[in-house]
Amino acid sequence: MSFNTEIERRRTFGIISHPDAGKTTLTEKLLLFGGAIQEAGAVKSNKIKKGATSDFMEIERQRGISVATSVLAFNYQDKKINILDTPGHKDFAEDTFRTLTAVDSVIVVIDVAKGVEEQTEKLVEVCRMRNIPMLVFINKLDREGKDAFDLMDEVEQKLGLTVTPLSFPIGMGYDFQGIYNIWEKNINLFSGDSRKNIEETIAFSDINNPELEKIIGEKPAERLREELELIDEVYPTFDRQAYLEGKLQPVFFGSALNNFGVRELLDCFIQIAPSPRPKDSDTRTVNPDEKKFSGFVFKIHANMDPKHRDRLAFIKIVSGTFERNKPYLHVRLNKNLKFSSPNAFFAEKKEIVDISYPGDIVGLHDTGNFKIGDTLTEGETMSFKGIPSFSPEHFRYINNADPMKAKQLEKGIDQLMDEGVAQLFTLEMNNRKVIGTVGALQYEVIQYRLEHEYGAKCSYENFPAFKACWVKPEDSKNEEFAEFKRIKQKFLAKDKYGQLVFLADSDFSIQMTQQKYPTVKLFFTSEFD
Ligand SMILES: Nc1nc2c(ncn2[C@@H]2O[C@H](COP(=O)(O)OP(=O)(O)OP(=O)(O)O)[C@@H](O)[C@H]2O)c(=O)[nH]1
């Protein structure tokens, strides 16, 4: 297969949703279609198996939430699909934000009864800002839920999207009869037996065909015709270009658990979803079909196997091919590195690969060279742009609870921060360390991992901060800046990259600071421009 065909056939995407909307179930059904797994339940049970060998995963298992982002690849028809799984839990939102730097499109899963939920709003906003093509899957149609039109209104209003349905439910909950596939013009009847449904599509290019009454009954047929007419009038016709530019979002309905409406989604997805897209670096835009390799680290997963204390850095390939044993430039360290055993990920296993293409994710064994956001190239000095850090919502001092293990603690904190588990701030005044997180759960994960992976013990103490404000580097002659630093010294810290941060204790204090020191510029993300 030619290089360009390899690029064209790749679909790298993420599934995002509020917890419990059915992301894991949908992922699993997509894998079943790809023949990547043989039975339903495999994805979940796989997680639990891992939980038994990895302490970190044990936390996930206990809490029943997806803590880690994993990569699942499979072939479907002539396409190579890479799914980047993202944790829905809000305490791990940063992990999801970072994963969104590596996807070319997303599928948004919404629970038909709950509608648009908080976490969906946040994640979709990030995708919208980046013009990532989005496809919406409304799930759990086997249950009573909101009216399909009301739900699409809600999606438009709360998520700021412009939708157009490409499939439409016939009834819902108790009366749910199936799906009309607007994209392919056929009907798929729901019988509760998912295996049968996959084959049982009935072609229906003319919805006015009287056969419809015989299949779904008189009233439902009449209603479906009216609804399709309304759709025709109210919603824009699907336009692939608009979808690719993030201006139009097709909507599908179904039930992931019953494997219903999923094939419709997948078949349309592989046709319309983008192959790997160009990506901006600090010097230029890089196109996937450039011959020279480039890629970046979007995730680091540590110590999956406690016996081997190494980490796996996940690289998204942006351009060229990534080859085993070939030296590549680690731009930040200005160092050439070779990788003898790059991993590719498949549904239930990882394997060493010799060559990978744009859109693929490779896992590189790492002993501490990588940080999230690092760029690898075939020699060119450039760095891909990522997603900036956002202010954490919780702040705590981290203390060493075992004086004999100070070094281990130091190393553990350092590596966990490289992984992006939380943010570290070192106070200017006394060098004490403050950990900032999005949710309280992360403190437990950090404590657990420090103990089980690094043999270090820590305790926490409250630090009275409310928000981290990044401060634009000072102009040395500025007296106002000097005064700001003197008055606020108790609240000033450096982040991991040495940038000055003001850890404000209230909104009021931020406002007062802005009034009193107008030349001191505060930013609420780590990116200034
Ligand atoms: N009735 C019904 N239940 C469903 C459907 N899809 C998923 N569920 C159930 O909803 C629950 C949550 O599904 P998951 O797939 O684990 O949700 P998730 O979004 O991955 O959740 P997180 O991993 O916490 O992000 C499970 O109990 C599923 O069995 C569906 O189509 N119908």
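Residues numbered from 1 in each chain as written. Predicted model: local features only at pLDDT ≥ 70, side-chain atom pairs only at ≥ 80, totals over all residues. Heavy atoms only, no water.

- For the protein chain, the name recorded in an unreviewed UniProt entry is Peptide chain release factor 3, with Flavobacterium alkalisoli as its organism.
- Recorded in UniProt for the protein chain, the comment headed Sequence similarities (unreviewed entry) runs: "Belongs to the TRAFAC class translation factor GTPase superfamily. Classic translation factor GTPase family. PrfC subfamily."
- We quote the UniProt Subcellular location (unreviewed entry) comment for the protein chain here in full: "Cytoplasm". (UniProt positions renumbered as here; feature names shortened; annotations may be inferred.)

## Side note on helix H13 (residues 406–418)
Link 1 in the chain: The end-to-end C-alpha distance of H13 is 18 Å, a good match for the 18 Å that 13 residues give at a rise of 1.5 Å each.
Link 2 in the chain: Among the residues making up H13, those that are buried are Leu-409, Gly-412, Ile-413, Gln-415, Leu-416, Met-417 and Asp-418. (Helix = DSSP H or I, 4+ residues; strand = E, 2+ residues; numbered from the N terminus. Expected span 1.5 Å × (residues − 1). Buried < 20%, exposed > 50% of the residue type's maximum accessible area, 1.4 Å probe, protein only.)

## Focus on a negative patch on the surface
Link 1 in the chain: Taken together, the side chains of Glu-218, Glu-222, Glu-226, Glu-229, Asp-232 and Glu-233 make up a negatively charged region of the molecular surface.
Link 2 in the chain: In this fold, Glu-229 is placed in helix H10 (residues 218–234). (Patch = residues over 30% accessible without salt bridge, like charges linked within 9 Å, V, L, I, M, F, W, Y side chains within 5 Å. Areas by Shrake-Rupley, 256 points an atom, 1.4 Å probe, with all protein chains shown as cover. Salt bridge = Lys/Arg side-chain N within 4 Å of Asp/Glu carboxyl O. Lys, Arg positive; Asp, Glu negative; His and termini not counted. Charge placed at Lys NZ, Arg CZ, Asp CG, Glu CD.)

## Topic: the nonpolar core
Link 1 in the chain: Among the nonpolar cores identified, the biggest contains 61 residues, and Val-106, Ile-138, Phe-168 and Phe-253 are the most heavily contacted of them.
Link 2 in the chain: Here the element with the most residues in this core is helix H7 (residues 148–159); it accounts for six residues.
Link 3 in the chain: Among the domains, domain 1 (3–169 + 236–277) and domain 2 (280–377) are the pair contributing at least three residues each to this core.
Link 4 in the chain: When residues no more than four places from it in sequence are discounted, the contact partners of Ile-138 are Ile-110, Val-112, Leu-151, Val-251, Phe-252, Phe-253 and Gly-254.
Link 5 in the chain: In this structure, Val-109, Ala-256, Cys-268 and Ile-270 belong to the second largest nonpolar core, which totals 32 residues. (Core = buried A, V, L, I, M, F, W, Y, C linked by side-chain atoms within 4.5 Å. Domains from an automatic or database assignment. Contact = heavy atoms within 4.5 Å.)

## Remarks on the sheet that holds strand S2 (residues 71–76)
Link 1 in the chain: The strand order across the open sheet built from seven strands is S2-S3-S1-S4-S5-S11-S6, with neighbouring strands paired in mixed fashion. The sheet terminates laterally at S2 and strand S6 (163–165), the two strands that pair on one side only. Looking at each pair of strands side by side, their axes are set apart by 25 degrees on average, direction ignored.
Link 2 in the chain: As paired strands, strand S1 (residues 10–17) and strand S4 (residues 105–111) are joined by five bridges and run parallel to one another. In the strand pairing of S4, Ile-16 is matched with Val-108.
Link 3 in the chain: On the sheet, helix H6 (residues 118–129) packs against S1, S4 and strand S5 (134–139) and is oriented at approximately 145 degrees with respect to S1. (Pairing = 2+ DSSP bridges. Axes fitted to C-alpha atoms, helices over the stretch in contact; angles between N-to-C directions.)

## Overview of the packing of aromatic side chains
Link 1 in the chain: Per the counting criterion, the structure on display carries 25 aromatic pairs.
Link 2 in the chain: Each ring, one from Phe-149 and one from Tyr-235, has its centre 6.5 Å from the other, and the planes form 15 degrees; the classification is stacked. Of this pair, Phe-149 sits in helix H7 while Tyr-235 sits in the loop between H10 and helix H11 (240–244), and the two are 86 residues apart along the sequence. For the pair Phe-149 and Tyr-235, a shared accessibility class is recorded, and that class is buried.
Link 3 in the chain: Relative to Tyr-243, the ring of Phe-238 lies with its centre 6.2 Å away and its plane at 50 degrees, an arrangement referred to as tilted. Comparing Phe-238 with Tyr-243 shows no difference in burial state: the two are buried. (Phe/Tyr/Trp six-rings, centres within 6.5 Å; stacked < 30°, edge-to-face > 60°.)

## Some points on the pattern of salt bridges
Link 1 in the chain: A complete count under the given rule lists 30 salt bridges for this structure.
Link 2 in the chain: One salt bridge in this structure joins Arg-284 and Glu-290, with 2.9 Å as the shortest N-O distance.
Link 3 in the chain: The class of Arg-284 is partly exposed, set by a relative accessible area of 29%.
Link 4 in the chain: With its nearest N and O atoms 3.5 Å apart, the salt bridge here joins Asp-418 to Lys-371. Remark: Lys-371 occurs in the loop between strand S22 (361–366) and strand S23 (375–377) and Asp-418 occurs in helix H13; sequence separation between them is 47 residues.
Link 5 in the chain: A cluster of three or more residues bridged by salt bridges with shared partners is formed by Glu-6, Arg-9, Arg-10, Lys-80 and Asp-360.

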